[in-house]
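# Coordinates in review
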Amino acid sequence: MLKDQFDDVVLLERQARESFLKKHGFTFPIVFSPAAIKILEKVGAWEAIRAERSEFFGVVLHKKLVGKEFEFKSYEEGVYSHWRNHIVACLYQRLIEEDIEIHFEANMVDIDFQGNLCREAKLGELPFDLLLGADGINSQTRRLMAQAHPDFAEEDFTLTLLDNWYAYRLPAQGALREKFGGGDRFYASNVFVDNLLEYPAEKFRVVTTSMKQPAEEISILIKHGADLDLQRVKELNKVFFGAFVDSQETLQEAWEQGYAGKFEQVQAPTFRLHNVLLVGDAAHGFESTGDLINLGLASIESFFEIFNRHASLAEALKEYDETVGDCLRYYAGFSLRRSQEKIGFEVASIEFASRLGLANRHPTFFGIYVEDFEIRKYMRAYKRDVRTGRLLLIGLPTVLLSLAGWLWLQ
Ligand SMILES: Cc1cc2nc3c(=O)[nH]c(=O)nc-3n(C[C@H](O)[C@H](O)[C@H](O)COP(=O)(O)OP(=O)(O)OC[C@H]3O[C@@H](n4cnc5c(N)ncnc54)[C@H](O)[C@@H]3O)c2cc1C
């Protein structure tokens, strides 16, 4: 998007080309919001990305209440899921077509924030007008910014471990397909929000997503406490899925193809120092429920709009950080409470207000998938909805009780 505004655009990627384009055994489904699709259209990548996709997407939340499992469904029409390998390959193809310089196995040694210079091990000193730190949740740019920032202490920038995850996939067959891909649940995510009934003290949560990529299959994401080792997670996985597969060998084989990772939460009090800007997970990484990629993409659109409105880059960066940046930091605060499972009241109150036509749907329920999504506008409405929800569920009963008390005293 910014290619035509600068003389040169250079991409520094830490991985080797082969591992960057590697096809993993498991790829999680990605659902692009309309706002994210607009950006992919703008950069000319959408046609190729949409050529491979899986139809229909929805979320079925499974929650146990007084020993019985209830299902809460939230469907969104006209959206599709995609998968990482294909998206990365399409975006890479666009870089090649646009003749954008990309250096794999890059090793960024240092950034001189005052002097607008960065140093790469092989290329030496690289002067820049704008450096976008899009280097993911373990961002080195963020680490260097934290050390150099004059207005914030280094420990104001944090990366906190939330939970671990293990991901693998099973073919959509037999009882497994029936349970997780049957009927109107097919091509949907099933989210189990409770620990196993048999082992309630061990944090073990399952998300299954049925999709075609291109064969029908069930992607499985296990979210588990960092205190559980992988052997234990495998045992618990057998308790959950054992009954749905033809044989234990099938489960074993599929499990071995999977891979492990961490859910982490980024906190960055600012995304900017001089002409360096953190974007994507580097700026506001959190445990995603499908919203992280979309917010990252939408933030780039907002930056582009602000950048084109200002004659000075410094002013554009300042405005972006103080408006869009603030909104993303607010959202990251919400997502942290979501990971800590502390949003029950907020979701209930906003959903209640939304039923009465007084609020939008909660972000957890496809809120960011509205056609005209724009971060600043959306976040203003969301903050208002939080207040409206609180007022309805706390304020209104309080007023009614006070009124009843007053009438009774009369
Ligand atoms: C299991 C799992 C499931 C997920 N599911 C979803 C989902 O369903 N929907 C959703 O929206 N999001 C999901 N996410 C989150 C999503 O993957 C991220 O939001 C997204 O990839 C972030 O994009 P990014 O470009 O900011 O960072 P990344 O995709 O992490 O890219 C950063 C790039 O920078 C490179 N790099 C790192 N350090 C350096 C360095 N020092 N120098 C040069 N290059 C460097 C990396 O090699 C990488 O290529 C999921 C994440 C995980 C782990």
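First, a word on what this report is: a plain description of the structure on this page.

Analysis parameters
Residues numbered from 1 in each chain as written. Predicted model: local features only at pLDDT ≥ 70, side-chain atom pairs only at ≥ 80, totals over all residues. Near = placed C-beta within 6 Å. Helix = DSSP H or I, 4+ residues; strand = E, 2+ residues; numbered from the N terminus. Nonpolar A, V, L, I, M, F, W, Y, C, P; charged D, E, K, R; others polar. Pairing = 2+ DSSP bridges. Buried ≥ 20, exposed ≤ 12 C-beta atoms within 10 Å, placed from the backbone. Arc of directions from axis to C-beta. Contact = placed C-beta atoms within 7 Å.

### What about the site of the ligand?
Taken together, the neighbourhood of the ligand is formed by 27 residues, with R14, G136, G280, L292 and I293 sitting nearest. Breaking the shell around the ligand down by element, the ones donating at least two residues are β2 (29-31), β11 (158-171), α9 (281-284) and α10 (292-309). Top element by residues in the shell around the ligand is α10. It accounts for four residues. Split by residue class, the shell around the ligand holds 13 nonpolar, nine polar and five charged.

### Focus: the pairing of strand β7 (residues 108-112)
The pairing of β7 with strand β8 (residues 117-120) spans four bridges and is antiparallel. Its bridge partner lying in β8, I111 is registered against C118. Taken together, β7 and the strand that follows it, β8, pair antiparallel across an intervening segment of four residues, in which N116 is found at a positive phi of about 55 degrees.

### Some thoughts on helix α6 (residues 174-181)
When α6 is considered as a whole, its buried residues turn out to be L176, F180 and G181. For α6, the angular spread of the buried residues around the axis is 75 degrees, confining them to a single face. Of the surrounding elements, those touching the buried residues of α6 are β11, β12 (189-192), β13 (204-212) and β14 (216-224). Looking one or two places after α6, you find G183, whose phi comes out positive at around 50 degrees.

### What about the environment of E287?
Tracing the backbone through its elements, the reader meets E287 in the loop between α9 and α10. C-beta crowding within 10 Å serves as the criterion here: with 19 such atoms nearby, E287 is assigned to the partly exposed category. For the pair E287 and R338, spaced 51 residues apart in sequence, the C-alpha to C-alpha distance is 8.6 Å. Excluding its chain neighbours within four sequence positions, the residues that come into contact with E287 are L162, F263, S335 and S339.

### Brief notes about the environment of A381
Residue position: A381 is located in helix α13 (residues 375-409). Classification of A381 by C-beta neighbours within 10 Å gives partly exposed; the count is 15. Along the backbone, A381 and W46 are 335 residues apart, and their C-alpha atoms lie at a distance of 29 Å.

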